[in-house]
Amino acid sequence: MTTARRKSYGVKGAPYAFLFPATILFALFFALPIGYAVWLSLHKVQVKGLGLGSGARSEVWAGFENYTDALTDSELLAGTLRVLGYGAIVVPLMLGLALVFALMLDSDKVRLAPFTRLAIFLPYAIPGVVAALLWGFLYLPDVSPFYFVLEKLGLPQPDLLDGGGLYAALSNIAVWGGTGFNMIVIYTSLRAIPVEVYEAAKLDGATPLQIALKIKIPMVAPSLVLTFFFSIIATLQVFSEPTTLKPLTNSVSTTWSPLMKVYRDAFGEGDIYSAAAGAVIIAVATLILSFGFLRAANSRNKQEAAR
Amino acid sequence: MPSITRHRRFMATAVAVTLGATTLAACGGSDDDSEAQSGPAKLTYWTWTPGMDKVVDLWNEGPGKEQQITVTVKKQASGDTLVTKILTAHKAGKGPDLVQAEYQALPTLVSNDAVADIAEEAGDAKSKFADGVWQQTTLGSDAVYAIPQDIGPMMFYYREDLFEKYGLTVPKTWDEFAETARKLKKEDPDVDLTTFSANDSGLFAGLAQQAGAQWWTTEGQKWKVGIDDAATRKVADFWGGLVKEGAVDNQPMYTPAWNKALNTGKQIAWVSAVWAPGTLTTAAPDTKGKWKVAPLPQWSSSENTTGSWGGSSTAVTTDSDNKGAAAKFAAWLNTDPDALTALAKEGGIYPAATTAQTSDAFAEPPAFFSNQADFYTTASEIAKTTAPSAWGPNVNVAYTTFKDAFGAAAKNKSDFGDALKTMQDDTVADMKKQGFEVAE
């Protein structure tokens, strides 16, 4: 009797026991900080008079003031537009290259495939800040070997740290660093396609190009969706590259990207309340955009499956 | 994918900073009765000065041992990052006992009730410092919020050999400075006298201070913000004009390109402060022994003032359980001859205490200026002419606005006056938002 009772109790409690550590960790390191950020974003500091001495400063309820301030701040909108412009270059270029490289590596005629794969992937292993520093040096005309060569050849020397050149410069860092990772994701799913499919296609007289366009790409579509999804999030949250290039040029302001504005509010101006509101807005926008995309992609898949 | 990890890393850092602040403070928290004037006490000290641990060892083995006050150094990042960290720690009630704070950060710290008034314990130290320096730690009141540690009187650095080569004379006024810049452009269009850099607000603040600007003043219970005042406008228009006509460069300082320009003689002068030898040693190593220092150019030939760029103080926090002991240490650190010599030697600082400026530690010029035997005599003469400064409770906001507004203006070679107005407006708007009373 006793053993039976203990056993049934154990079975009942087991899921909770297993869930317990994860729940605690989730609550402590995920839910709690987010909740605190939301709480902060609804408050502000209220100073009396000169604001010197003790008791002159108190934390008060602000309602949605921080949110309206952030949303009406032209810099947040300008930053978002800058980031969208940057994303419009990065995402198609990076995913396009990743897809082309993956298809090339997957073709039968390729030599030195393992080495090439590693060589393309390697930049991803370099931390973003280091990559940005490295490229930053190469973009500065006075210290860059590229500019030295351009000058010797009498070619025009574009200013990569200003205007449109800056977008190219920033995108280049992201593409250089991100292509390898995305290529591996696509390549892995290419390898998972059964060989019989190719054999059947070849028997039907399909050329390698036709196989790539009509079989391989449609079959790796889920991977493309996944990489696109990650890339969008990456774009919206771009931070370390422009932050690292900022000291090198007057063209990158402290609010160049939305996340940089959050950082400036918190660490430059000491206003954690506005920073929290900005962070919540970015998080919500990212969620809406990325899940919106996922839904759109899923429904399209379903439609195709139904056809 | 990269940015997911990066974003996480950013969040993790933010959390780690907060947690770190708490644990650090917890480690060093004092465990003694609160209002003890001295007696057994363990203090933590947040500072970014290199070699501070060695200076503190002097205390721990000397006067600290006698009074049973032990100080532990926790090395920190400098500047605004530390201000944020101090405020975060204070919010949690877990601040350290002592902090290093730049002068312009003191009003922010006082306004947040993070640093304590130590007038009673350390008010006697006043006589050791120049009035203009001491006044920055009192915020014009009877309170004393910190003990001055180092100062950064601004000076004019130039390449002696290249000035000779191009037939230039050291400018005594800003008009002459502009003429020198233009003459150099005529001699060699590829060479600049210097650059207007928008990435260090302290430089502009110091130049404005020299011109007589008072950015923050109080009128009764109201703040008055004078960033857009006549003196600062004069400075902004002057540099804006030089940038617009191309007489000086407009690229930021502290970049690899800037280092190279200094090192190869493409920029031949630098408006800087007493700490410049250290920066030049790393930025332009090949030019050792070729630089000289002179007083900053003046706005009129009859004047003799300079601004300050940099400099910091030692403050006692309101969270400290041993404010008396902490104040004692702060006073010793910044007025005791042995401590000041060690600070100069280990930390490479230029002391705020006037007697220390002519002590043995400063008998020899810095190695980089071995050609100018009177480097430190000149420096101490210049230091005496430092104009008073007026800092307010949101210097950080003014400084970040400066970087963006003047960075864009320098880049576009547009009107610096507009950038100055943006700086004024944003600073006032932030103060009003926080609830400060601001006089129009």
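What counts and what doesn't
The residue numbers shown here count from 1 along each chain, following its written sequence. Naming scheme: in the order in which they are written, chains are lettered from A and ligands are numbered from 1. Residues qualify for local features only when their pLDDT is at least 70, as the model is predicted, and side-chain atom pairs are given and counted only at 80 or more; totals for whole chains, interfaces and linings, by contrast, use all residues. Put plainly, a residue is buried at 20 or more neighbouring C-beta atoms within 10 Å of its own, exposed at 12 or fewer, and partly exposed in between, counting only other residues' C-beta atoms, which are placed from the backbone. Runs of E in the DSSP output that reach at least two residues are strands. Runs of H or I that reach at least four are helices, and both are numbered from the N terminus. Two strands make a pair as long as DSSP finds a minimum of two bridges between them. By definition, residue pairs are in contact when their C-beta atoms, positioned from the backbone, come within 7 Å. Angles shown run from 0 to 180 degrees and are taken between the N-to-C directions of axes, each axis being a line fitted to C-alpha atoms and, for helices, limited to the stretch in contact. For the domain bounds, the source is a domain assignment made automatically or taken from a database. For this classification, Asp, Glu, Lys and Arg are treated as charged, while Ala, Val, Leu, Ile, Met, Phe, Trp, Tyr, Cys and Pro are nonpolar and the rest, including Gly, are polar. What the arc describes is the spread of directions from the helix axis to the C-beta atoms. To count as a nonpolar core, a set of buried Ala, Val, Leu, Ile, Met, Phe, Trp, Tyr and Cys residues must be joined through C-beta atoms within 7 Å. Residue-level confidence of the predictor, termed pLDDT, takes values from 0 up to 100.

1. Some remarks on the pairing of strand 3 (residues 98-102) of chain B
All names here are of chain B.
Item 1. With five of five residues buried, strand 3 lies mostly within the body of the structure.
Item 2. For strand 1 (residues 41-47) and strand 3, the ladder comprises two bridges, and the chain directions are parallel. The residue of strand 3 that forms the bridge with W46 is V99.
Item 3. As judged from the five bridges shared by strand 3 and strand 9 (residues 308-316), these two strands associate in the antiparallel manner.

2. Some thoughts on the sheet that holds strand 6 (residues 222-225) of chain B
Residues and elements named next belong to chain B.
Item 1. Read from one edge of the open sheet, three strands run 5-6-10, paired in mixed fashion. Bordering the open sheet on either side are strand 5 (216-219) and strand 10 (438-439), each of which pairs with just one other strand.
Item 2. Judged from the two bridges that link them, strand 6 and strand 10 form a sheet pairing that is parallel. Each bridged residue has a counterpart across the sheet, and for W223 the counterpart in strand 10 is V438.
Item 3. On the sheet, helix 18 (residues 416-434) packs against strand 6 and strand 10 and is oriented at approximately 165 degrees with respect to strand 6.

3. Here's the deal with the domain arrangement of chain A
All names here are of chain A.
Item 1. One can read the domain layout of chain A as domain 1 (2-61) and domain 2 (73-306).
Item 2. Within the residue set of the side of domain 1 that touches domain 2, elements represented by two or more residues are helix 1 (2-41) and strand 1 (43-47).
Item 3. The element best represented in the side of domain 1 that touches domain 2 is helix 1, accounting for four residues.
Item 4. Of the residues assigned to the side of domain 1 that touches domain 2, the class counts are four nonpolar, two polar and one charged.

4. So, helix 13 (residues 276-283) of chain B
Residues and elements named next belong to chain B.
Item 1. Among all positions in helix 13, only A276, P277, L280 and A283 are buried. The buried residues of helix 13 occupy one face: seen down the axis, they fall within an arc of 135 degrees.
Item 2. Contacts from the buried residues of helix 13 go to strand 4 (147-159), helix 12 (256-263), strand 7 (269-273) and strand 8 (291-295).

5. Here we look at the nonpolar core
Item 1. Counting residues in each nonpolar core, the largest one holds 196 residues, and the members touching the most others are L109, M155, F329 and A330 of chain B.
Item 2. Looking at this core element by element, the count peaks at eleven residues for helix 3 (residues 74-106) of chain A.

6. Description of the interface of chain B and chain A
Item 1. Counting residues at the interface gives 46 residues for chain B, matched by 41 residues for chain A.
Item 2. Contributions of two or more residues to the side of chain B that touches chain A are made by helix 1 (2-28), helix 4 (80-91), helix 5 (106-111), helix 12 and helix 17 (395-412) of chain B.
Item 3. Per element, the largest residue contribution to the side of chain B that touches chain A is nine residues, and it comes from helix 17 of chain B.
Item 4. Class assignment for the residues of the side of chain B that touches chain A results in 21 nonpolar, 17 polar and eight charged.

7. As for the confidence of the model for chain A
Item 1. When pLDDT is averaged across chain A, the result is 88; 95% of the residues are at 70 or more.
Item 2. Taken element by element, chain A is modelled with least confidence in helix 1 of chain A, mean pLDDT 83, and with most confidence in helix 3 of chain A, mean pLDDT 94.

8. Points about the confidence of the model for chain B
Residues and elements named next belong to chain B.
Item 1. Confidence in the prediction of chain B, expressed as mean pLDDT, is 88, and 91% of residues score 70 or more.
Item 2. Of all the helices and strands in chain B, helix 1 carries the lowest mean pLDDT, 37, while helix 11 (residues 230-244) carries the highest, 97.
Item 3. Within the model, the stretch residues 1-37 combines pLDDT values under 50 with 57 contacts to residues more than four positions away or in other chains.
Item 4. Across the interfaces of the predicted complex, the ipTM metric reaches 0.83, alongside a pTM of 0.86.

9. Thoughts on the pairing of strand 6 of chain B
Residue and element names in this part refer to chain B.
Item 1. The alternating pattern of strand 6 places W223 and V225 on a buried face and K222 and K224 on a face that is not buried.
Item 2. Sheet topology places strand 5 next to strand 6; four bridges connect them, and they run antiparallel. Across the sheet, the residue bridging to E219 is K222, located in strand 6.
Item 3. What sits between strand 5 and strand 6 in their antiparallel hairpin is a turn of two residues, with G220 showing a positive phi close to 60 degrees.

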